[in-house]
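Examining the three-dimensional arrangement
Listed below are the residues making up each chain.
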Amino acid sequence: TQEIMTPIVAQLAEQTGQSAAYFEMRGDSIALLAKAEQENSFHYVRQFGTHRLFSVHAFSYVCLAYRSADEVKRLYALREEPRPVSRKEFYGKLAAARANGYVVDLHGGGPGTLHCIVAPVFLDEQHVEVGSVGITMLVEPDEREIERIRDLVVAAGREASERIAAVRGHRAFGAPDA
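Residues numbered from 1 in each chain as written. Predicted model: local features only at pLDDT ≥ 70, side-chain atom pairs only at ≥ 80, totals over all residues. Heavy atoms only, no water.

**A few points about the overall build of the protein**
If you tally the helices and strands in the protein, you get 5 helices and 6 strands. Long-range contacts, defined here as pairs at least 24 residues apart, represent 58% of the contacts in the protein between residues at least 6 apart. Counting every atom, the protein has about 9,000 Å² of accessible surface; 50% of that belongs to carbon and sulfur. (Helix = DSSP H or I, 4+ residues; strand = E, 2+ residues; numbered from the N terminus. Contact = heavy atoms within 4.5 Å. Areas by Shrake-Rupley, 256 points an atom, 1.4 Å probe, with all protein chains shown as cover.)

Written as structure tokens, this is what we have:
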């Protein structure tokens, strides 16, 4: 997966002018597997490590959105956030990620506030194992920029899903049944 995602993440960073990354679940944690940072954008502190910041991390919302309710409940209990969002808000974010096919997580606020736009990368034909590709920025974008970046992020997720499906020999997300 990392070999496929590294050039896709680099292209996404170049297209958007924002730092881009790819995460996927590894056991009970989320792992950073690819990143491309832009000079004047957010810099991912973790160097390809894992964490359990499930309820405050937009990339986690996408990775968890397609899992079973029991699995999400189990993982939510393992979260490691100092100030987690409420259970209601967390499950609402997962439902929105599934319904929309992406997450736009804008936090408002002042300097140092992070804003993310993230889409799924489907790793299996059943669309249970899901990675997340997207961007993180320090400046809240206007509506036109949100739409532009969202379209690029969703396209990156689709491209990655198709490449992974081709390598693994399964049907890509959205492909018609044979």
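So much for the structure itself; the text now carries on.
**Some thoughts on the pattern of salt bridges**
Applying the stated rule across the entire model yields 11 salt bridges. Between Glu 37 and Lys 35 there is a salt bridge, with the nearest N and O atoms lying 3.6 Å from each other. Owing to a relative accessible area of 22%, Lys 35 belongs among the partly exposed residues under this scheme. The partner of Glu 71 in a salt bridge is Arg 74, and the shortest N-O contact between them spans 3.0 Å. In this pair, Glu 71 and Arg 74 are both assigned in helix 3 (residues 69-77), 3 residues apart and thus about one turn of the helix distant. The partly exposed category is assigned to Arg 74, whose relative accessible area is 36%. A network of salt bridges, in which partner residues are shared, links Asp 28, Arg 67, Glu 71, Arg 74 and Glu 129. (Salt bridge = Lys/Arg side-chain N within 4 Å of Asp/Glu carboxyl O. Buried < 20%, exposed > 50% of the residue type's maximum accessible area, 1.4 Å probe, protein only.)

**Details of the pairing of strand 2 (residues 29-36)**
Most of strand 2 is tucked away, with 7 of its 8 residues classed as buried. As paired strands, strand 1 (residues 19-26) and strand 2 are joined by 7 bridges and run antiparallel to one another. If you follow Tyr 22 over to strand 2, its bridge partner there is Ala 34. (Pairing = 2+ DSSP bridges.)

**Observations regarding the environment of Gly 134**
In this fold, Gly 134 is placed in strand 6 (residues 130-137). On the accessibility criterion, Gly 134 (0% relative accessible area) is buried. C-alpha of Gly 134 to C-alpha of Val 118: the two residues are 16 residues apart in sequence and 4.1 Å apart in space.

**Quick notes on the side chain of Asp 105**
As for its placement among the helices and strands, Asp 105 is situated in strand 4 (residues 103-105). Side-chain polar atoms of Asp 105 contact the side chain of Lys 93, separated by 3.1 Å. Residue contacts for Asp 105: discarding those within four places in its chain leaves Ala 58, Tyr 61, Lys 93, Leu 114, His 115 and Cys 116. (Polar contact = N/O pair within 3.5 Å; in protein donor to acceptor, adjacent residues only side chain to side chain.)

**Concerning the sheet that holds strand 3 (residues 50-51)**
The sheet built from 6 strands is open, its strands ordered 3-2-1-6-5-4 with antiparallel pairing. A single partner strand is all that each edge strand has here, and the edge strands are strand 3 and strand 4. As paired strands, strand 1 and strand 6 are joined by 6 bridges and run antiparallel to one another. Following the sheet pairing, Ala 21 is matched in strand 6 by Gly 134. Of the strands in this sheet, strand 1, strand 2, strand 3, strand 4, strand 5 (115-122) and strand 6 are in contact with helix 2 (residues 58-65), which crosses strand 6 at around 160 degrees. The strands that helix 5 (residues 143-168) touches are strand 4, strand 5 and strand 6; relative to strand 5, the one it contacts most, it runs at about 25 degrees. (Axes fitted to C-alpha atoms, helices over the stretch in contact; angles between N-to-C directions.)

**As for the packing of helix 2 against helix 4 (residues 87-100)**
Close contact between helix 2 and helix 4 brings their axes to 9 Å; oriented N to C, the two are set at 70 degrees. When the axes of helix 2 and helix 4 are compared, the pair comes out roughly perpendicular. Helix 2 and helix 4 meet at a crossing whose hand is right-handed. Contacts between helix 2 and helix 4 involve Tyr 61, Leu 64 and Ala 65 on the former and, on the latter, Phe 90, Lys 93, Leu 94, Ala 97 and Arg 98. Of the residues contributing to the contact of helix 2 with helix 4, the split by class is 6 nonpolar, no polar and 2 charged. (Parallel < 35°, antiparallel > 145°, perpendicular 65-115°, else oblique. Left-handed = near helix turned anticlockwise from the far one by under 90°. Nonpolar A, V, L, I, M, F, W, Y, C, P; charged D, E, K, R; others polar.)

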